[in-house]
Protein chains: 2
Amino acid sequence: MSSIAVMASVDIVALRLDLQAQRLQVLLHRREREPHLGQWALPGVIVNGRTPDNSLDAAAARALQEKAQVLPRHLEQVGTEGNAFRDPRGWSLSTYYLALLDPAQVLDGEQQAFFDLDDLSARKVVLPFDHALLIQRACERLAAKSLYSSLPLYLLPARFTVLEALTATQACLGRTVNNTSLRKRLERLKDAGWVGDTGERIQPRLGRPQQVYEHLPHANGPFLFERSLLPEG
Amino acid sequence: MSSIAVMASVDIVALRLDLQAQRLQVLLHRREREPHLGQWALPGVIVNGRTPDNSLDAAAARALQEKAQVLPRHLEQVGTEGNAFRDPRGWSLSTYYLALLDPAQVLDGEQQAFFDLDDLSARKVVLPFDHALLIQRACERLAAKSLYSSLPLYLLPARFTVLEALTATQACLGRTVNNTSLRKRLERLKDAGWVGDTGERIQPRLGRPQQVYEHLPHANGPFLFERSLLPEG
DNA sequence: ACAATAGTGTCTGTTAGACAATATTTT
DNA sequence: AAAATATTGTCTAACAGACACTATTGT
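In this text, all values refer to a predicted model and were calculated from it rather than measured experimentally. (Residues numbered from 1 in each chain as written. Chains lettered and ligands numbered in written order. Predicted model: local features only at pLDDT ≥ 70, side-chain atom pairs only at ≥ 80, totals over all residues. Heavy atoms only, no water.)

Draft legend 1. View of the domain arrangement of chain A. All names here are of chain A. When its domains are assigned, chain A resolves into domain 1 (7-145) and domain 2 (148-215). Each of domain 1 and domain 2 was reduced to a C-alpha centroid, and the two centroids are 27 Å apart. Each side of the interface is counted separately: domain 1 has 17 residues, and domain 2 has 16 residues. Carbon and sulfur atoms make up 66% of the surface buried where domain 1 meets domain 2, a total of about 1,500 Å² over both sides. Summed over the shared surface of domain 1 and domain 2, the number is 5 residue pairs in polar contact (both at pLDDT 80 or more). Counting only elements with at least two residues in the side of domain 1 that touches domain 2, the list comes to strand S1 (5-18), strand S5 (74-83) and helix H3 (131-148). (Domains from an automatic or database assignment. Contact = heavy atoms within 4.5 Å. Buried area = accessible area lost by both parts, 1.4 Å probe. Polar contact = N/O pair within 3.5 Å; in protein donor to acceptor, adjacent residues only side chain to side chain. Helix = DSSP H or I, 4+ residues; strand = E, 2+ residues; numbered from the N terminus.)

Here you go:
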């Protein structure tokens, strides 16, 4: 068996929206073993016949649960990176998942923390293995789906305003989004029963109060729109 | 190493369009080793430190090349399936790819052949492991992308007609597609430099001759349209 | 001329985007 | 009343779909 086997892991790119800063943050975890012991890295677990998982998806859920006591709003497999160079111990595979968390998500202990995605992209924080690449790929998936789906709404709390939905979408896409377009999409989601109008109002410091929307229980997966958000111009 | 390692393979869902039957076919290969020796299954290779591949993508290309001497028009990773049950030998992973082949693709020898996708879906041919599931997932990916991209055109020969493009798109989607919409998409692809009008004509048995389009060299990946093809009604 | 097939033109509906107009609140 | 902010309405553009119309060929 050892001659035909390979090291395999599941790694999680778990994102949280910082509503004040209007930026995405990624959950990192201090490594508890060599190589790169003590460094900040993506939370992940080894998968093999001895671990208790019945499937990759179960291993992904376990990685989030064990390393960070986190239950995601959304979890999807993005891809698998495998080559001879990504791990100093030799040929290895990482199947990596995109997880979207509640913005109120808090973490226990000093072994896990959220880092601004921008700081990671700018290499202000350097990650071991190819974890920077895995984060980049997960974010590309998120941006691509945000053009034509309601995926960004999974980054919002149960009750949210139009402007918070706009903030989430813009953070996912990395660019501004037309206010009218997003409002119309929310209207369509309301008609489709995906979100509801609570009737509640939030009073900003000044001006007209904001309507408060809420997520409604529905089938799995985001709503798919027929058209993409377009580049401005 | 053996205690933390797992069996991993790359499997290829390679599709060819049968233009006459207007159906998709999948490339299968007779297994050369246990388990399921001699049965028709997806072509694939084991990945581990001893195989010569530097990456998963290289392993995928090698699987197609070694098992079937095939060079695909398009190759993309779809996902990874991993659990304790898919292989009788124990916990295993399969990273599976979607490959699109030239319809003129021919095969050497008795060890590989094309099977109609419909027959596989209808369980007229039963595949080992979870290969039926991998095929289903790959086809779902193809159908999803066919709604908003030029991916089906990779199933066509270098020179093709509008009706062949329609046939390819309908085979990918599993439903009829509006003729006018597809013609307009081809016009847009022509404007974008992805296809060209050869000026050549093909004379059907009766009636007006068909224009012949051709693929033009361009950046990797299919063209992305801004809107999806819609359900009929 | 007529049948058969390919291709074009026109109209409708939907929805993203731009932006003006209106509504609701605090100061 | 004025300022600030949120929300609504109106207009345009792009594009999928439906379908009528025209074009080109063989018999």
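Draft legend 2. Up close: the protein's contact with DNA strand D. Residues in contact with DNA strand D amount to 31 residues; listed here are only the nearest, Gln211 of chain A together with Thr180, Ser181, Arg227 and Leu230 of chain B. Per the 4 Å cut-off to the protein, sugar and phosphate atoms form 69% of the nearby atoms of DNA strand D. Between proline 209 of chain A and DNA strand D, the recorded distance is 3.4 Å, taken from a backbone N or O atom to a sugar or linking oxygen. In the model, a phosphate oxygen of DNA strand D is placed 2.8 Å from a nitrogen or oxygen of the asparagine 178 of chain B side chain. (Near = heavy atom within 4 Å.)

Draft legend 3. A look at the sheet that holds strand S10 (residues 210-215) of chain A. Residues and elements named next belong to chain A. Pairing is antiparallel across the open sheet formed by 3 strands, whose spatial order is S8-S10-S9. For this open sheet the edge positions go to strand S8 (159-160) and strand S9 (195-202), each flanked by a neighbour on one side alone. Pairing of S9 with S10 involves 5 bridges; the strand directions are antiparallel. Of the residues in S10, the one forming a bridge with valine 195 is histidine 215. Its contacts with the sheet put helix H5 (residues 179-191) on S8, S9 and S10, and the angle it makes with S9 is roughly 120°. (Pairing = 2+ DSSP bridges. Axes fitted to C-alpha atoms, helices over the stretch in contact; angles between N-to-C directions.)

Draft legend 4. Region of interest: the interface of chain B and chain A. Listed as interface residues are 34 residues of chain B and, on the opposing side, 34 residues of chain A. Buried surface at the junction of chain B and chain A, both sides included, amounts to about 2,900 Å², of which 60% is carbon and sulfur. For chain B, the biggest contributors to the area lost against chain A are Ile4, Trp91 and Glu226 of chain B; these three give 19% of the whole. Inspection of the region where chain B meets chain A yields 0 salt bridges. The interface formed by chain B and chain A contains 12 residue pairs in polar contact (both at pLDDT 80 or more). Sorting the residues of the side of chain B that touches chain A by element identifies strand S1 (5-18), strand S5 (74-83), strand S6 (92-100) and helix H3 (131-148) of chain B as the ones contributing at least two each. Sorting elements by how many residues they give to the side of chain B that touches chain A places S5 of chain B first, with 6 residues. Each residue belonging to the side of chain B that touches chain A can be placed in one class, and the counts come to 15 nonpolar, 13 polar and 6 charged. Here S1 of chain A pairs with S1 of chain B via 3 bridges, running antiparallel. Opposite valine 6 of chain A, over in S1 of chain B, you have valine 6 of chain B as the bridge partner. (Salt bridge = Lys/Arg side-chain N within 4 Å of Asp/Glu carboxyl O. Nonpolar A, V, L, I, M, F, W, Y, C, P; charged D, E, K, R; others polar.)

Draft legend 5. Examining the relation of the copies chain B and chain A more closely. The operation relating chain B to chain A is a screw motion whose rotation component is 180°, with 0.0 Å of axial translation and a residual RMSD of 0.0 Å. Accordingly, the operation relating the two chain copies is best matched by a two-fold axis. Interface overlap between copies is the fraction of interface residues in one copy that are interface residues in the other; for chain B against chain A it reaches 100%, indicating a shared surface. (Least-squares fit on C-alpha atoms with pLDDT ≥ 70 in both.)

Draft legend 6. Quick look at the environment of alanine 138 of chain B. Residues and elements named next belong to chain B. Looking at the secondary structure, you find alanine 138 in helix H3. We classify alanine 138 as buried; its relative accessible area is 0%. Along the primary structure alanine 138 and arginine 185 are separated by 47 residues, whereas in three dimensions their C-alpha atoms are 24 Å apart. (Buried < 20%, exposed > 50% of the residue type's maximum accessible area, 1.4 Å probe, protein only.)

Draft legend 7. Up close: the packing of aromatic side chains. If you walk through the whole model with that rule in mind, you get 9 aromatic pairs over all chains. When the ring of phenylalanine 160 of chain A is compared with that of tyrosine 213 of chain A, the centres are 6.2 Å apart and the planes differ by 20°; the resulting orientation is stacked. Taken together, the positions of phenylalanine 160 of chain A in strand S8 and tyrosine 213 of chain A in strand S10 put the pair 53 residues apart, joining distant regions of the chain. For the pair phenylalanine 160 of chain A and tyrosine 213 of chain A, one class covers both residues: buried. An angle of 80° between the planes, with centres 5.4 Å apart, marks the rings of tryptophan 194 of chain B and phenylalanine 223 of chain B as edge-to-face. (Phe/Tyr/Trp six-rings, centres within 6.5 Å; stacked < 30°, edge-to-face > 60°.)

Draft legend 8. Structural context of the pattern of salt bridges. Residues and elements named next belong to chain A. Within this structure, the stated rule accounts for 29 salt bridges over all chains. Among the ionic pairs, arginine 62 bridges to glutamate 66, the shortest N-O distance being 3.3 Å. With a gap of 4 residues between them, arginine 62 and glutamate 66 both fall in helix H1 (residues 56-68), about one helical turn apart. Since its relative accessible area comes to 16%, arginine 62 is described here as buried. Note that lysine 124 and aspartate 119 form a salt bridge whose closest N and O atoms lie 3.8 Å from each other. Because the salt bridges share partners, they merge into one network encompassing Arg23, Asp116 and Asp118.

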